[in-house]
Amino acid sequence: MTTIPRTPGSPRPAAADARALLKRHFGYDDFRPGQARAVEAALAGRDVLVLMPTGGGKSLCYQIPSQLLPGTTLVVSPLISLMKDQVDGLRRAGIAATFINSTLQPEEARERLEAVERGETRLLYVAPERFAARSFMERLDRLRVSLFVVDEAHCISQWGHDFRPAYMRLGDVRERLGCPAMALTATATPGVREDIARHTRLQRPVVVAKGFDRPNLLWHVLAAKNDGEKDDLLVRLLGDRRRGGGSGSAIVYATTRKSVDAVAHLLNRRGVPAGGYHAGIGAGERQRLQDSFMAGGLRVVVATNAFGMGIDKPDVRLVVHYNTPSTLEDYYQEAGRAGRDGRDADCVLLHAYADRFTHEFLLDQA
């Protein structure tokens, strides 16, 4: 693997420089455990595998180096909503960042890439499918990419083998760029770690692995005989929080688009204002919902698992799973949207035996 050459005699950015940036842009005096090691490894030109709990500050591990390395930091991100949230947050923090995805008109995408090429923007987010476009790869060859980042890297195992094969080609992209790489995830079994390292072609990576315990999260399982009982439990949970003057927001996860629509309709009908978010609604409406949720105008969102990945909303006080997720990893990832500010939050699973039939059906279809 080749790395981008530095100007002869130029020193590597110091840890003190990274902490100064952390204070200036994010207001923190020092890094959390694990962050400093990941940042220093990236600045030293090493490959890095970061395993941190949801809400543990994974994104800072590449956002800070992006401002100290000499060229562009290229971030592979799985979802449009995630890209938008990250870029909005960075801009509020005074860091120039941008994304290229299908929501942009060709002219706007071209202008953004030209700004990156001029060095005005040093942090660029793209989806893995973007690398299939010849015009984009030709443009990429003209960029000076210092760090190749795969965020939410568990998607390589979760999605890459099935409906997003572009994830399986990221190693080729990394080799073409010839620069160090960083992969980050909150959930990775040993097998998933091997998948990530193999498909991103990490070379002797520095592994930063923190514990996944979130002591501020309170875990509950409430049994229900059927969806009718789940409906009553859900309305009671959300209603109790409102009547008790509970602050913050809530996310309700459902397995299918049909379930999302039905639950959102139920809540609104029973006096709990809620929005429904899934891939079947238009891009403009999804963006409106996300903006309203982030700004606090919409307090409850019912969604498929496409909503929430990486969204940095600190005051989510309640995450409810209306349906049982397909894996323990999915459950941890989704429930982990709660309590990102470190304060107590509740994670509630509404469990009915019949939930298993949905997953059995999906497995049969696959």
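Presented here is an overview of the structure given in this document. The structure displayed is predicted, hence computed values, not measured ones. (Residues numbered from 1 in each chain as written. Predicted model: local features only at pLDDT ≥ 70, side-chain atom pairs only at ≥ 80, totals over all residues. Heavy atoms only, no water.)

### Some remarks on the sheet that holds strand β3 (residues 97-100)
- Strand order in this open sheet of 7 strands is β3-β4-β2-β5-β6-β1-β7, and the pairing throughout is parallel. Whereas interior strands pair on both sides, the edge strands pair on one side only; in this sheet they are β3 and β7 (206-209). Direction aside, neighbouring strands of the sheet carry axes that sit 20° apart on average.
- Examined bridge by bridge, strand β2 (residues 72-76) and strand β5 (residues 145-150) share 5 bridges and lie parallel to one another. Each bridged residue has a counterpart across the sheet, and for V75 the counterpart in β5 is V149.
- In the packing of helix α4 (residues 80-92) onto the sheet, the strands contacted are β3 and β4 (123-126), and the crossing angle to β3 comes to about 160°. (Pairing = 2+ DSSP bridges. Helix = DSSP H or I, 4+ residues; strand = E, 2+ residues; numbered from the N terminus. Axes fitted to C-alpha atoms, helices over the stretch in contact; angles between N-to-C directions. Contact = heavy atoms within 4.5 Å.)

### A word on the sheet that holds strand β8 (residues 217-223)
- Spatially, 6 strands are ordered β8-β13-β12-β9-β11-β10 in an open sheet, and the strand pairing comes out parallel. Among the strands making up the open sheet, the edge pair consists of β8 and β10 (275-277). Looking at each pair of strands side by side, their axes are set apart by 20° on average, direction ignored.
- The sheet contacts of helix α12 (residues 283-295) involve β9 (249-253), β10, β11 (300-303) and β12 (316-321), and relative to β10 the element is tilted by about 125°.

### Quick notes on the nonpolar core
- Formed by 68 residues in total, the largest nonpolar core has its most connected members in F131, F148 and M182.
- Examining the composition of this core, we find that 6 residues originate from one element, helix α2 (residues 35-43), more than from any other.
- Beyond its immediate sequence surroundings of up to four residues, F148 is in contact with L74, V76, F131, L170, V173, R174, L177, C179, P180, A181 and M182.
- Core analysis: the next-biggest nonpolar cluster, separate from the first, contains 22 residues, V235, V302, L318 and V320 among them. (Core = buried A, V, L, I, M, F, W, Y, C linked by side-chain atoms within 4.5 Å. Buried < 20%, exposed > 50% of the residue type's maximum accessible area, 1.4 Å probe, protein only.)

### Focus on the side chain of T98
- Tracing the backbone shows T98 in strand β3.
- Judged by its relative accessible area of 4%, T98 is buried.
- A polar contact is formed between the side chain of T98 and the side chain of R112, at a distance of 3.3 Å.
- For T98, the contacting residues outside a window of four places in its chain are V87, R91, R112, V116, T121, L123, L124 and Y125. (Polar contact = N/O pair within 3.5 Å; in protein donor to acceptor, adjacent residues only side chain to side chain.)

### Observations regarding the pattern of salt bridges
- Across all of its chains, the model carries 21 salt bridges by this definition.
- In this structure, the salt-bridge partner of R198 is D195, at a minimum N-O distance of 2.4 Å. Of this pair, R198 and D195 are both found in helix α9 (residues 190-199), 3 residues apart, which corresponds to roughly one turn of the helix.
- Taking the relative accessible area as the measure of exposure, D195 reaches 10% and is therefore buried.
- Residues K313 and D315 are paired through a salt bridge, measuring 3.1 Å at the closest nitrogen-oxygen approach.
- We classify D315 as partly exposed; its relative accessible area is 26%.
- A cluster of three or more residues bridged by salt bridges with shared partners is formed by K84, D88 and D291. (Salt bridge = Lys/Arg side-chain N within 4 Å of Asp/Glu carboxyl O.)

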